Amino acid sequence: MAILKSVVDVNNGTTGWNKTHVMDALETVFANLGWNNGTAATGVPCVIKAPGWSGGNNSQDLNRYRSTSLQWTNDNNLAIDNFQHCGGPAAPNGGSRTRYFIVSNNGTSAYRMVEEFRINGSTSVEFNNPDQIAWSRHGLSTGDAIHYAPGVSSPDAAKVIGGLSVDTIYYVIKVDDTNFSVAANATDAANGTAINITAASQTGYYFRRQDTSALDNITITCKLGDTLNFITSGASGAGGTFNLVYNSDSYDANKLLTKYDSNWQTAPTGNASDGSVDTVWDTQGYRQSENEVLDPLRAPGDGTGTATGDQGIIKYIYANSTNASMKGEIVVEPWVFSSGSNFNPYWKYTVPASGGRSELKLRVYRGNRWYDNAYIVAITINSIGSGWTDDAVFTIPGEEIGGVATTNDVTFGVNADETSNNAYDGTPSIGVTDLKSGSNFYQKHPSGFYAIANVEHDAAKAFGTTYYGFGMDPANDYKLTITSGCQWDYLNRPGTHYKIGTDDTVAFGTYGGKTGVDRQSIYSYVRREEGTDGYWREINYATTATPTAYPLAIRVYRAQAPQDSDFAIIQFTQTINGVIQPYGTFTIAKGSQHGAGVYDLDYVFQDAVMEVGYGTRSIQFKYGNTQYNRFAGVSEPADSNTKTRAASYGYLRDGEQDNDYGTQTTSFTCNIDTDNGSTQTSSSIKTYYRNSTYDSYTYTDSTYGTTTNAMSSSADYYKPIKGLPINTAILPIPYYLPDDFVMLQVATTPGLVAFRTGDTVTISGSEIYEIIMASYESQQNGLDNVNNNSTIGMLFMARTT
C-alpha cells in the first residue's frame, strides 16, 4: 500500500509570502490530515481590555491574576493603571472590624458561637441618632434576640445604658447595616417600637446574641481585614483543642492556619487552644474565601477543581481536634479597607445570558495599596462563554462590586480611555476568540504570530489530546518553534487580540495543568523568538537568505491503512533556481500506536517531535521533547522546570544528555565505501550491504597466475530498508515507521549524479519511491576505484507505487 502525498502551496505558490500565509498553509495541512480536532465554539470571551488598551502585552499582562486573588507586584503594570480609569471614583472605604465570639460546647457535638458586640454605650459615636446604636456591619436583623450584660446580677449603674436592664433579652430593630435600635419584645420589634435609651457614663457592659442551639457550628461570615477573637475558655470541657484550619473540610493537624506570606500577614495567636488562651486571627493579608474554581479550563490531571484547597478553592474552618462534629466554616468576604495586602480583594459578578450569548462570570478586583486603594485594578473572566462579540455592551452595577450604585457602575462597550485625568469614566471592552476544529486550527492569530492545534490521539483516554503550538519568529521569515501541552489556557490573555508582535510571553496563552508535571512554571507558552540559546524545539522552514524571494510549499507524506494512518511526514520545501530544496521536515507523536506497549495515554500525554535532518552521508532522526530545556540539567529529580507527565520525559529525563537539549539523534548512515571507524558516532546505524562484484579479492601468483576469490552473488544484499525505528538511542523504542517509509543507501555513477527531494527511485516496475530527503557526496572515489566517478549517500523515501 503506497503512501498518500499532498502538496500545499504557500501563498498559492508565489513569492512575497508572509507569516500569515505560512500559518494558513500549515493549517490546511493539519486539516487534510484530520488533525484539527476538538469542539468548535464562536464568540468565546477571552480577555477584558482595560480602558485605552493599545493591543500590546504591556497593557494587558494578566499572568499574575492566575492565583486565587490578584497578587500585587511592584511592576507599575499598565493593567493596574488603566483599569483605574473606569468604575468611577474610589469605592467607599468600609474599614475593618474587631469581632468577639464566646465559644462554648454543646456536649461533644457542636461548638456554640455566641457573638458579643462590645458596644460600651458610653460615647456619642455609638449613639449617633436618638435611640439608635451605631455599630458598622452589625449583621443583625429585625427580631433577632440579643442579651444585654449577660450574667451581671449586681450592676454598676454607671455602666448601664439608660432604659435597659442588665442580664435581659431584647429584640433588634434594624435601621440599616450600621445602626439598630432595641425593643422590649418581638412584637414591638416587628412594629418598630424602640426603647428610649441614653448613653452610659462608664464602659463595661456588652450585647451578645441570645445563647441558643441555633448558634451551634454556625458559619461565621466576616470581611477581609476583620480580626476575629474566639474566647474559648467555656469550651474546654469538650476535650481536645480549638483550632483554625486552612483548606480542609475537617480537622487536620497538618493544616492549622498559620502565616503563609512574609508580608502583611500576622500569624493567628492561640491556635490549637485548650481554653487557657483566646484564639485571635487578623484576616488582613490572607486570601478571601472562594468556592468556585479560579480557572474553568481544566487540564485532564486537574480534576474538577472543586475540592477544598484545589485550584483556587479557599476555605477556613474552626474545628475541635478530638470531636469531629465540632466544626464550622469561616467565610472571608472581599472588602475595601485602608490597609495593604499581597492579595487584592475581588467581587464576583455574573453577566446574565442575553439573546444568543451565554452568561459570563467575571471577577472585579479593587486595589488595597496607598496608590490604588478602592479603585478597580483588574477584571478577569472566570467562565467559558460563547455567542459573544467584541465590544459587547453591558453594565456591572457598582453596588455589586464593592462600590456604590450608579457612581461605581462599570459600563462595557467600545474601548475608550477616560475623557480626562481622574475622570474615571473610561470604557473597558471584552475581546472574544473563536475556537475551531476540522478545517481550522483550534486557535490562530490573524497575523500569523502563532497557532494552536488540538490533536486527538485517543478520545477514550484521559490524556488522549495534545495541544501543539507553533510560534513564528518575529525577527525573520524562516524559523518556527514547536511547543506542546495537555491543555491550552486562553482565558485572560490577549491571545488573538495581541497586536504588537515582538514578544512571546504569556500574552497568547499558556499550557495548563500542574506545574512540574504538565507544564513548566515559567516557560509554558508558545515560543516565537529562539535567539541563539537553542533550548527550544525549532525548525527552519525556509532558506535564511531572502526567504520570501522563493516559492514555499509544504509536502505531506502520509501512511495508509492497514499501516498506521496517524503517521505523516510534514516537510517545508522551496524551489530555488529550479531545484526543490528541503527545509523543516518533521512528524509529531500522533495517535495511540506511538508508544503502544511502553506508555498509556490514560497517564501520560504525547509531546514528542521527530525532526528529519542529514549529515555528510546520513539521514538523521532527531527525537525530542517540546519544552524549554535551558534548565534541563537540573530536571531530574522533578522540579518546576519539568513536564513529568509528558511521554518523552520517560526517555529524556535529563535534558542535557547528548548535548542537544532534550533531543536524541539516530543517524542512518550509508555503508558503501564509507568509513565505519572514528568518523561514525555511536548513534550511527550501519545499513547492511553486500555486492559480489566488489566484495571479491583478485591477486596474481607467480605459479598459478591471476586468481579471484569471490562470494556467490546469492549473498548480494541491496534493498530499501523498512521498519525504521524512530530512534535507537531510547529503549524500548516507542515507534517504528510504517513500512512504506524506507532508507536506501546509494553509490551511483557518474560522479555528478544529484538526488533531489521529489525525485523518484524505481526498485521494480511495481515498487517506486519518492525521495523525501537525500544526503550524499558527489565526485567520490567509489568501490570501482575510479577518481570522482561515484555519488555516495543515503536516501529517505516514501513508497508511491
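Up top you'll find the structure we're talking about.
Residues numbered from 1 in each chain as written. Predicted model: local features only at pLDDT ≥ 70, side-chain atom pairs only at ≥ 80, totals over all residues. Heavy atoms only, no water.

Considerations on the sheet that holds strand E41 (residues 760-764)
Hydrogen bonds between backbone groups are what pair the strands of a sheet, and the pairing can be parallel or antiparallel.
And step 1. If you walk across this open sheet you meet the four strands as E40-E43-E42-E41, and the pairing is antiparallel. With partners counted over all chains shown, the strands left at the sheet margins are strand E40 (741-748) and E41, one partner each. The average angle at which neighbouring strand axes cross in this sheet is 35°, direction not considered.
And step 2. One ladder, built from eight bridges, connects E40 with strand E43 (residues 790-799); its direction is antiparallel. Paired with Leu 744 across the two strands is Leu 795, which belongs to E43. (Pairing = 2+ DSSP bridges. Helix = DSSP H or I, 4+ residues; strand = E, 2+ residues; numbered from the N terminus. Axes fitted to C-alpha atoms, helices over the stretch in contact; angles between N-to-C directions.)

A look at the nonpolar core
And step 1. Judged by nonpolar contacts, the single largest core of 60 residues is most densely connected at Phe 30, Phe 470, Phe 572, Phe 621, Leu 737, Phe 741 and Phe 796.
And step 2. Per-element tally for this core: the top contributor is helix H1 (residues 19-33), with seven residues.
And step 3. Beyond its immediate sequence surroundings of up to four residues, Phe 30 is in contact with Trp 35, Asn 36, Phe 441, Ala 453, Val 455, Phe 470, Ile 570 and Ile 588. (Core = buried A, V, L, I, M, F, W, Y, C linked by side-chain atoms within 4.5 Å. Buried < 20%, exposed > 50% of the residue type's maximum accessible area, 1.4 Å probe, protein only. Contact = heavy atoms within 4.5 Å.)

Re unusual backbone geometry
And step 1. Omega for the bond connecting Ala 561 with Pro 562 falls within 30 degrees of zero, at 15°, which places this linkage in the cis form.
And step 2. Here Pro 562 lies in the loop between strand E31 (552-558) and strand E32 (568-576).
And step 3. Cis geometry marks the peptide bond from Thr 749 to Pro 750; its omega dihedral reads 0°.
And step 4. When you line up the elements, Pro 750 lands in the loop between E40 and E41.
And step 5. Although it is not a glycine, Ala 374 sits at a positive phi angle of roughly 75°.
And step 6. Topologically, Ala 374 is positioned in the loop between strand E19 (360-366) and strand E20 (376-381).
And step 7. Residue classification places Ala 374 among the buried positions, given a relative accessible area of 1%.
And step 8. For Asn 788, which is not glycine, the phi dihedral falls at a positive 60°.

Quick notes on H1
And step 1. For H1, which comprises 15 residues, the first-to-last C-alpha distance of 21 Å matches the rise-based estimate of 21 Å (1.5 Å per residue) to within 8%.
And step 2. Within the span of H1, buried status applies to Lys 19, Val 22, Met 23, Ala 25, Leu 26, Glu 27, Val 29, Phe 30 and Leu 33.
And step 3. At the exit of H1 stands Gly 34, carrying a positive phi of roughly 75°. (Expected span 1.5 Å × (residues − 1).)

Re the pattern of salt bridges
If charged atoms from side chains of opposite charge come close, those side chains can pair.
And step 1. Taken as a whole and judged by the stated rule, the model has 26 salt bridges.
And step 2. The partner of Lys 348 in a salt bridge is Glu 290, with the nearest N and O atoms 2.7 Å apart. Of this pair, Lys 348 sits in strand E18 (residues 346-351) while Glu 290 sits in the loop between strand E14 (279-282) and strand E15 (316-320), and the two are 58 residues apart along the sequence.
And step 3. For Lys 348, a relative accessible area of 36% corresponds to the partly exposed category.
And step 4. Close ionic contact of Lys 361 with Glu 292 constitutes a salt bridge, the shortest N to O distance being 2.5 Å. With Lys 361 in strand E19 and Glu 292 in the loop between E14 and E15, this pair connects stretches of sequence that are 69 residues apart. (Salt bridge = Lys/Arg side-chain N within 4 Å of Asp/Glu carboxyl O.)

With respect to the side chain of Ser 429
And step 1. Its location among the elements puts Ser 429 in strand E23 (residues 429-435).
And step 2. Using a relative accessible area of 1% as the deciding quantity, one classes Ser 429 as buried.
And step 3. A distance of 3.1 Å separates polar atoms of two side chains, one belonging to Ser 429 and the other to Asn 415.
And step 4. Residue contacts for Ser 429: discarding those within four places in its chain leaves Val 47, Ile 48, Lys 49, Asp 391, Phe 412, Gly 413 and Asn 415. (Polar contact = N/O pair within 3.5 Å; in protein donor to acceptor, adjacent residues only side chain to side chain.)

Here we look at the packing of aromatic side chains
And step 1. Applying the stated criterion across every chain yields a total of 41 aromatic pairs.
And step 2. Judged by centre distance (5.7 Å) and plane angle (25°), the rings of Phe 567 and Tyr 735 are stacked. Linking Phe 567 in the loop between E31 and E32 with Tyr 735 in the loop between strand E39 (705-710) and E40, this pair joins segments that are 168 residues apart in sequence.
And step 3. Here the aromatic residues Phe 449, Tyr 450, Trp 488, Tyr 498, Phe 508 and Tyr 511 are joined through ring pairs into a cluster of three or more.
And step 4. When the ring centre of Tyr 100 is taken as origin, the NZ or CZ atom of Arg 118, which lies over that ring, is 3.8 Å away.
And step 5. The ring of Phe 449 carries the charged tip of Arg 528 above its face, separated from the ring centre by 4.5 Å. (Phe/Tyr/Trp six-rings, centres within 6.5 Å; stacked < 30°, edge-to-face > 60°. Lys NZ or Arg CZ within 6 Å of the ring centre and 35° of its normal.)

Describing the sheet that holds strand E33 (residues 579-588)
And step 1. Taken in spatial order, the eight strands line up as E1-E31-E32-E33-E34-E35-E36-E37 in an open sheet, and their pairing is mixed. One side of each edge strand has no neighbouring strand; the edge strands of this open sheet are strand E1 (4-9) and strand E37 (684-686). Averaged over all pairs of adjacent strands, the angle between strand axes in this sheet comes to 25°, irrespective of strand direction.
And step 2. Across seven bridges, the pairing between strand E35 (residues 618-624) and strand E36 (residues 663-669) is antiparallel.

Structural notes on empty space enclosed by the protein
In this approach, a probe sized like a water molecule rolls over the atoms, and the result shows the empty space that is left.
And step 1. A full pass over the atoms with the stated rule returns six cavities of 30 Å³ or more.
And step 2. Its boundaries defined by the atoms lining it, the largest cavity holds a volume of some 80 Å³.
And step 3. In this structure, the largest cavity is lined by Arg 97, Thr 98, Arg 99, Tyr 100, Glu 115, Glu 116, Phe 117, Arg 118, Trp 135, Ser 136, Arg 137 and His 138.
And step 4. Those elements giving two or more residues to the lining of the largest cavity turn out to be strand E4 (98-106) and strand E5 (110-117).
And step 5. Its residues placed into classes, the lining of the largest cavity shows three nonpolar, three polar and six charged. (1 Å grid on protein atoms, 1.4 Å probe; cavity = no way out; pocket = protein on both sides within 12 Å on 5 of 7 lines; lining within 4 Å. Points joined across faces, edges and corners; volume = space filled by probe spheres on them. Nonpolar A, V, L, I, M, F, W, Y, C, P; charged D, E, K, R; others polar.)

Section: the pairing of E43
Looking along a regular strand, one sees the side chains alternate between the two faces of the sheet.
And step 1. The element E43 is largely enclosed, with a buried count of nine among its ten residues.
And step 2. Judged from the nine bridges that link them, strand E42 (residues 767-780) and E43 form a sheet pairing that is antiparallel. Note that in E43 the partner of Ser 775 across the bridge is Met 794.

Re the side chain of Ser 790
And step 1. Within the secondary structure, Ser 790 sits in strand E43.
And step 2. On the accessibility criterion, Ser 790 (5% relative accessible area) is buried.
And step 3. Sequence-distant contacts of Ser 790, defined by excluding residues within four places in its chain, comprise Thr 748, Thr 749, Gly 751, Glu 777, Ser 778, Gln 779, Gln 780, Gly 782 and Asp 784.

A word on the environment of Tyr 699
And step 1. Within the secondary structure, Tyr 699 is located in strand E38 (residues 696-701).
And step 2. The class for Tyr 699 is partly exposed, based on a relative accessible area of 29%.
And step 3. Among all residues touching Tyr 699, those that are not within four sequence positions of it are Gly 705, Thr 706, Thr 707 and Asn 709.

A closer look at the environment of Asn 82
And step 1. Assignment of secondary structure puts Asn 82 in helix H2 (residues 78-83).
And step 2. Sequence spacing of Asn 82 and Pro 428 is 346 residues, and the spatial spacing of their C-alpha atoms is 9.1 Å.
And step 3. Beyond its immediate stretch of four places on either side in the chain, Asn 82 contacts Ala 50, Pro 51 and Gly 52.
And step 4. Of note is the side chain of Asn 82, whose polar atom sits 3.2 Å from the backbone oxygen of Pro 51.

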